[in-house]
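Understanding the architecture of this molecule
Listed below, chain by chain, are the residues.
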Amino acid sequence: MAEERPGVWFGFGFCGFGQELGSGRGHQVHSPSPLRAGVDVCCVSASWSYTAFVTRGGRVELSGSVSGAAGGCRDAWASEGLLLVLRAGPGPEALLQAWAPDSALRGEPLWAHNVVPEAKGEDDPGGEAQTGRLPLLPCARAYVTPRPPFYRPLAPELRARQLELGAEHALLLDAAGQVFSWGGGRHGQLGHGTLEAELEPRLLEALQGLTMAEVAAGGWHSVCVSETGDIYIWGWNESGQLALPTRNLAEDGETVAREATGLNEDGSQVKRTGRVEDGAPAPFIAVQPFPALLDLPLGSDAVKVSCGSRHTAVVTRTGELYTWGWGKYGQLGHKDTISLDWPRRVEYFVDKQLQVKAVTCGPWNTYVYAVEKGKS
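Predicted model, so just to flag it, every value in this text is computed and none were measured.

1. Some remarks on the side chain of Ser-49
Take Ser-49: it is sitting in the loop between β3 (41-46) and β4 (50-55). Overall, Ser-49 belongs to the buried group, its relative accessible area being 4%. A distance of 2.9 Å separates the side chain of Ser-49 from the side chain of Glu-80, its partner in a polar contact. Those residues in contact with Ser-49, other than ones at most four positions away along the chain, are Phe-17, Gln-19, Gly-64, Ser-65 and Glu-80.

Next up, the structure:
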């Protein structure tokens, strides 16, 4: 096999504030378009009105409603109220800085905090320090939110390896592959079977006994991927972001007839008001308060997942990208603005013989990292 060539980042969806989405013009891009600096970018964090890119050389660059750049950076996390930048320090230490997004990374940050990565321990099954991406800090014992109190400690026994923030809730994946959730629950996004809020991290009992590899938090929905490639999804389904039948898309004529599959057997809220091809009532699901197992077409296994405000994107083990949910700005990448309540493969990467390696969603857009497939 030939060596894998360096990959490129692509973007599609909303770019109404001029944020970098390849060569797109206007307010939206409907199909994947390579970023102008896509070869040099190593990670992306997208907020609603701007995007932060971190280059392989350690430079963070802002694009959209705000601009600015700074060097010596390891990671960045963008939100409308706060821009977090993790800068390299002496030795293993790092300096976490919080900036006002419109500061252009000039002057002094709002606040700064020295961070020491968690040391390797005997109880670490992988023998490695737990160093998740922002907003989880490298020490794995605290995280940062865009609202005060900004710095929030985590109980040491959680041993966090990934933490994701939705509009009103948080998801945590621990070193053992267990999932915890807390925050607002009015759309079922916590997965505990109720619509109640949780003040502290609570173990997702419905997933006990299953080892999870990734979690993702949308605006008001949640997704996780198991080590074996299974997808579990729950929360709000207003735009089909759970890939479950939704009334809104049926009324808009934006969904297709399907067989009723008994997806309401685990306590989900179901409204049988539509019709499928055989005339039987179709189960429309507004809120799914428990994790539901989702099968991708062709039995594909998932390895990566990311969520926008109301859309979902999954990368398969074979490097294909599937998207579904709200598509008004082209954020699904299907060359249109149609919303979907079922997983659909993004054909652009198949047609271009590209293998998708990573995906990260902004609220209304999507960024994808892909490489050329190896040739024998």
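2. Here's the deal with empty space enclosed by the protein
Under the definition given, this model contains 2 cavities of 30 Å³ or more. Counted as a void, the largest cavity has a volume near 40 Å³. Forming the boundary of the largest cavity are Thr-318, Gly-319, Glu-320, Phe-349, Val-350, Leu-354 and Lys-373. In terms of residue class, the lining of the largest cavity is built from 3 nonpolar, 2 polar and 2 charged.

3. A look at unusual backbone geometry
With an omega of 15 degrees, the peptide bond between Leu-134 and Pro-135 qualifies as cis. Mapped onto the elements, Pro-135 comes out in the loop between β10 (111-115) and β11 (142-144). Note the cis peptide between Pro-148 and Pro-149, where omega equals -10 degrees. Turning to its location among the elements, Pro-149 is positioned in the loop between β11 and β12 (151-153). In this model, Leu-105 sits at a positive phi of 60 degrees, which is unusual for a non-glycine residue. Assessed through its relative accessible area of 11%, Leu-105 is described here as buried.

4. A closer look at the nonpolar core
Among the nonpolar cores identified, the biggest contains 26 residues, and Trp-9, Leu-321, Phe-349, Val-356, Tyr-367 and Val-368 are the most heavily contacted of them. Of all the elements in the fold, those that place two or more residues in this core are β1 (8-14), β3, β23 (311-316), α2 (347-351), β26 (354-361) and β27 (365-372). If you tally residues by element for this core, the top one is β27, at 5 residues. Grouped together as the second largest cluster of nonpolar side chains are 19 residues, Val-225, Leu-242, Leu-332 and Leu-340 included.

5. Thoughts on the packing of aromatic side chains
Scanning the model with the defined rule gives 17 aromatic pairs in all. For the pair Trp-326 and Tyr-329, a centre-to-centre distance of 5.7 Å together with 85 degrees between the ring planes defines the contact as edge-to-face. Just as Trp-326 is buried, Tyr-329 falls in that class too. Every member of this aromatic cluster is reached through a ring pair, and the members are Phe-14, Phe-17, Trp-48, Trp-326, Tyr-329 and Trp-364. Above the face of the Trp-326 ring, Arg-310 is positioned so that its terminal group lies 4.1 Å from the ring centre.

6. What to know about the environment of Thr-323
Looking at where Thr-323 falls in the secondary structure, it is placed in strand β24 (residues 321-325). A relative accessible area of 0% means that Thr-323 is categorised as buried. Sequence-wise, Thr-323 and Arg-345 are 22 residues apart; in three dimensions their C-alpha atoms are separated by 6.6 Å. In contact with Thr-323, other than residues within four places in its own chain, are Thr-312, Ala-313, Leu-332, His-334, Leu-340, Trp-342, Pro-343, Arg-344 and Val-346. There is a polar contact of 2.8 Å between the side chain of Thr-323 and the side chain of His-334.

7. Re the state of the cysteines
Going through the model one piece at a time under the given rule, you end up with 0 disulfides. Here Cys-73 stays unpaired: no disulfide links it, and the sulfur of Cys-43, its closest cysteine neighbor, is 9.7 Å away. The class of Cys-73 is buried, set by a relative accessible area of 7%.

8. A closer look at the confidence of the model for the protein chain
Per-residue pLDDT for the protein chain averages 87, and the proportion of residues at 70 or more is 84%. Here residues 121-131 scores under 50 on pLDDT; set against residues more than four positions off or in separate chains, the count is 18 contacts.

9. Let's talk about the pattern of salt bridges
If you walk through the whole model with that rule in mind, you get 11 salt bridges. Close ionic contact of Arg-133 with Asp-75 constitutes a salt bridge, the shortest N to O distance being 2.9 Å. Of this pair, Arg-133 sits in the loop between β10 and β11 while Asp-75 sits in strand β7 (residues 73-78), and the two are 58 residues apart along the sequence. Among the salt bridges present, the one from Arg-344 reaches Asp-336, with a minimum N-O distance of 3.7 Å. Residues joined by salt bridges that share partners form a network here, namely Glu-320, Arg-345 and Glu-347.

10. Looking at the sheet that holds strand β6 (residues 68-70)
On the basis of which strands lie adjacent, the open sheet formed by 4 strands has the order β3-β4-β5-β6 and antiparallel pairing. Two strands close off the open sheet at either side, each with one partner strand: β3 and β6. Looking at each pair of strands side by side, their axes are set apart by 20 degrees on average, direction ignored. Sheet analysis places β3 next to β4, joined by 5 bridges and oriented antiparallel. Counterpart to Val-41 in the pairing with β4 is Thr-55.

11. As for the pairing of strand β14 (residues 169-174)
The buried count for β14 comes to 6 of 6 residues, which makes it a mostly enclosed element. Linking two consecutive strands that pair antiparallel, namely strand β13 (residues 160-165) and β14, is a turn of 3 residues. Strand direction decides the pairing type here: β14 and strand β15 (residues 179-183), joined by 5 bridges, are antiparallel. Pairing of Leu-172 across the sheet is with Phe-180, part of β15. In this structure, the hairpin formed by β14 and β15 is closed by a connection of 4 residues, where Gly-177 is found at a positive phi of approximately 85 degrees.

Thresholds, definitions, all that
Residues numbered from 1 in each chain as written. Predicted model: local features only at pLDDT ≥ 70, side-chain atom pairs only at ≥ 80, totals over all residues. Heavy atoms only, no water. Helix = DSSP H or I, 4+ residues; strand = E, 2+ residues; numbered from the N terminus. Buried < 20%, exposed > 50% of the residue type's maximum accessible area, 1.4 Å probe, protein only. Polar contact = N/O pair within 3.5 Å; in protein donor to acceptor, adjacent residues only side chain to side chain. Contact = heavy atoms within 4.5 Å. 1 Å grid on protein atoms, 1.4 Å probe; cavity = no way out; pocket = protein on both sides within 12 Å on 5 of 7 lines; lining within 4 Å. Points joined across faces, edges and corners; volume = space filled by probe spheres on them. Nonpolar A, V, L, I, M, F, W, Y, C, P; charged D, E, K, R; others polar. Core = buried A, V, L, I, M, F, W, Y, C linked by side-chain atoms within 4.5 Å. Phe/Tyr/Trp six-rings, centres within 6.5 Å; stacked < 30°, edge-to-face > 60°. Lys NZ or Arg CZ within 6 Å of the ring centre and 35° of its normal. Disulfide = S-S within 2.5 Å. pLDDT = per-residue confidence, 0-100. Salt bridge = Lys/Arg side-chain N within 4 Å of Asp/Glu carboxyl O. Pairing = 2+ DSSP bridges. Axes fitted to C-alpha atoms, helices over the stretch in contact; angles between N-to-C directions.

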